[in-house]
Amino acid sequence: MRAFLLGLLLALTLPPFPLGFLAPLVLAFLLRGGFREGFWAGLGFWGLHLVWLPQSFAQNFGPWGAVPFLPLVLIKALSFGLLFALTPNAPMRIGGWVVLEWLTEQGELAFPWGFLGYALVEAPGRILAAWGGVYLLSLLVLLTAWGLWARRFWVLLPWALLWLLPLPEAHPEGKALLVQGNINPLKKFQGELDEAVYLRLTAAGLRAHLEADLVVWPETAVWRIPQEAEALLQGRPLVSGLNLFGPNRAVLYQEGRVLGHYDKTRLVPFGERFPFREALGGVYAFFFQAMGLGNLEDRVLGEKVAPIGPYGVLICYESVFPSVARDLARKGTQVLVLLTNDAWFGPSFGGRQHFALGRLRAVETGRWLLRAGNDGITASIDPFGRVVAEIPPHQEGFLLAPYALREGLTPYARFGDWAVGVALTLCLLGLILRVRPPGWRNW
């Protein structure tokens, strides 16, 4: 029960909850214990951290939509149990925890959610992500916890500084019009797109803000760019999502022509892509029928990550992958443009959580991030992770969003996940010290 409660408390230190400053204190009690403690802590943590999943799916698809929540939480809790079982001392656990986070970004079932580094999203110290990404932040949270566990209370000083450091000013040079259509996700899924909504809101926005030099529509906004868009935009570029039957696509449109496109390369497991379909075809068919979805087909996977002109497009789920934004920056992206449809989260806190995770992509790459959501959160985020403009979610609207085109690479964009290498080294050091000859220091 103690480990379960600690898991619940740990979930309260990550977005969208405001208790990130308490993360090391909670973790200090989780640096010891074996499989049982890890499993129960995992049940508490993942059960609360992902509670939006049954809320949103049940609302959209009925009671059967909540069923996948239980196996997902059990699997994630088992991963914590195995981590605790295989890491009997603090250095191994700290290193192993960060390595486990990195592993969840890899492979067919990648689900990079719940990283400890996101406890610092609301802290100015998040700017350290420009040096080592969210993995460096996770390592700092865990090292602070280790200091508390070892009664080295001086670690509270650098931890406090992460929450008090002043941030430099950001200097926007342009303004984009971000459009929030607020289309029902099920109607959108069933093909009932209303392109007139985006034309109407864009017209109203450009009348109010003639200075806008870019227009952004969200993920899967329209089937195609309407003919009326050319006259409406008056030469301004438009970045928009297209709701195609195959790929989940974003296009750059200007003066009547599509200048380039990008197809989503990180598809949502069991949402846009159904792993092991040959073996689990009958199971999928049962749930599709129970939820009234017909016979869903996999989305077509994009070939590669690449910017469209100066715009590096992230499509929804891709915003939680540090590697995608970093790849875009390395290939010449000057501003990140996030197209998303968070209406699937419904009234849960999932949309706010997804928004918080994506904010660190701006810091990691040193780029402005323009986020256009179907029902929100539509916002502009500066390269230091500050939300500089935002409109209320769950309603039609548009936002005049400041931004700037930026070049150059942050240390994280240049050198990648070196913090994971440090974590692995720490884990191996803990293993060596555990099997040390007599006389070695007992960690």
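Residues numbered from 1 in each chain as written. Predicted model: local features only at pLDDT ≥ 70, side-chain atom pairs only at ≥ 80, totals over all residues. Heavy atoms only, no water.

Summarise the side chain of Q180; cite the residues concerned and give the values.
Among the structural elements, Q180 can be located in strand β1 (residues 174-180). For Q180, a relative accessible area of 0% translates into the label buried. A distance of 3.3 Å separates the side chain of Q180 from the backbone nitrogen of G376, its partner in a polar contact. (Helix = DSSP H or I, 4+ residues; strand = E, 2+ residues; numbered from the N terminus. Buried < 20%, exposed > 50% of the residue type's maximum accessible area, 1.4 Å probe, protein only. Polar contact = N/O pair within 3.5 Å; in protein donor to acceptor, adjacent residues only side chain to side chain.)

With reference to specific residues and values, describe unusual backbone geometry.
Along the chain, P15 connects to P16 via a cis peptide bond; the corresponding omega equals 10°. Mapped onto the elements, P16 comes out in the loop between α1 (2-11) and α2 (23-28). The peptide bond linking G376 to I377 adopts the cis configuration, its omega dihedral lying at -5°. With respect to the element layout, I377 can be found in the loop between β8 (369-373) and β9 (379-381). Its identity as a non-glycine residue notwithstanding, T220 has a phi of 45°, on the positive side. For T220, the position within the fold is in the loop between β2 (214-216) and α11 (229-233).

Tell me what's going on with the sheet that holds strand β5 (residues 257-263), and back it up with residues and numbers.
Two modes of strand pairing occur in sheets, parallel and antiparallel, and in both the strands are linked by backbone hydrogen bonds. Taken in spatial order, the 6 strands make up an open sheet running β5-β4-β3-β2-β1-β11, and their pairing is mixed. Every interior strand has two partners, whereas the edge strands, β5 and β11 (397-403), have only one. Direction aside, the axes of adjacent strands within the sheet are offset by 25° on average. (Pairing = 2+ DSSP bridges. Axes fitted to C-alpha atoms, helices over the stretch in contact; angles between N-to-C directions.)

Which residues make up the UniProt feature "transmembrane region" (unreviewed entry) in the protein chain, and what values do they have?
UniProt annotation of "transmembrane region" (unreviewed entry) refers to residues 66-86 and 128-149 when read in the numbering used here. Secondary structure across residues 128-149 divides into 95% helix and 0% strand, with the first and last C-alpha atoms of the span separated by 24 Å. (UniProt positions renumbered as here; feature names shortened; annotations may be inferred.)

Talk me through the side chain of T144; I want residue IDs and the actual numbers.
Tracing the backbone shows T144 in helix α7 (residues 129-149). Not counting chain neighbours up to four residues away, the residues in contact with T144 comprise P24, V155 and W159. (Contact = heavy atoms within 4.5 Å.)

How would you sum up a nonpolar patch on the surface? Please name residues and give values.
Taken together, the side chains of L19, F21, L22, L25 and F29 present a nonpolar region at the surface, about 420 Å² in accessible area. Among the structural elements, L19 can be located in the loop between α1 and α2. Judged by its relative accessible area of 31%, L19 falls in the partly exposed class. (Patch = residues over 30% accessible without salt bridge, like charges linked within 9 Å, V, L, I, M, F, W, Y side chains within 5 Å. Areas by Shrake-Rupley, 256 points an atom, 1.4 Å probe, with all protein chains shown as cover. Salt bridge = Lys/Arg side-chain N within 4 Å of Asp/Glu carboxyl O.)

Describe the nonpolar core, naming the residues involved and giving the relevant values.
Core analysis: the largest hydrophobic core is formed by 106 residues, its most contacted members being L27, W97 and W113. The leading source of residues in this core is α7, at 11 residues. Leaving out residues up to four positions away in the same chain, W97 has contacts with L10, L27, F80, L83, F84, L116 and L142. (Core = buried A, V, L, I, M, F, W, Y, C linked by side-chain atoms within 4.5 Å.)

Before we move on, can you summarise the sheet that holds strand β6 (residues 311-315) with the specific residues and values?
One open sheet holds the 5 strands; their spatial order is β6-β7-β8-β9-β10, and the pairing between them is mixed. If you trace the sheet from one side to the other, it starts and ends with β6 and β10 (387-390), each paired once. Between one strand axis and the next, the sheet turns through 20° on average, direction left out of account. Bridge count for β8 against β9 is 3 bridges, and the pairing is antiparallel. Bridge pairing in β9 places R371 opposite A379.

Describe the environment of A130, with residues and values.
Relative to the assigned elements, A130 resides in helix α7. Judged by its relative accessible area of 14%, A130 falls in the buried class. The sequence separation of A130 and Y412 amounts to 282 residues, and the corresponding C-alpha distance is 5.5 Å. Apart from the residues lying within four places of it in its own chain, the contact partners of A130 are V363, E364, T410, P411 and Y412.

Could you give an account of the packing of α1 against helix α3 (residues 35-49), with specific residues and numbers?
The interhelical angle for the contact between α1 and α3, taken along N-to-C directions, is 35°, at an axis separation of 7 Å. By crossing handedness, the relation of α1 to α3 is classed as right-handed. For the pair formed by α1 and α3, the contact residues are A3, F4, G7, L8, L10 and A11 on the first element and E37, W40, A41, L43, G44, F45, L48 and H49 on the second. For the contact of α1 with α3, the class distribution of residues is 10 nonpolar, 3 polar and 1 charged. (Left-handed = near helix turned anticlockwise from the far one by under 90°. Nonpolar A, V, L, I, M, F, W, Y, C, P; charged D, E, K, R; others polar.)

How would you sum up the packing of α3 against helix α5 (residues 69-86)? Please name residues and give values.
It is at 7 Å that the axes of α3 and α5 come closest, and there the two elements cross at 145°. Considering how the two elements wind past one another, α3 and α5 form a crossing that is right-handed. On α5, the residues touching F35, E37, G38, F39, A41, G42, L43, F45, W46 and G47 of α3 are F69, V73, L74, K76, A77, L78, F80, G81, L82, F84 and A85. Along the lines of polarity and charge, the residues of the contact of α3 with α5 split into 15 nonpolar, 4 polar and 2 charged.

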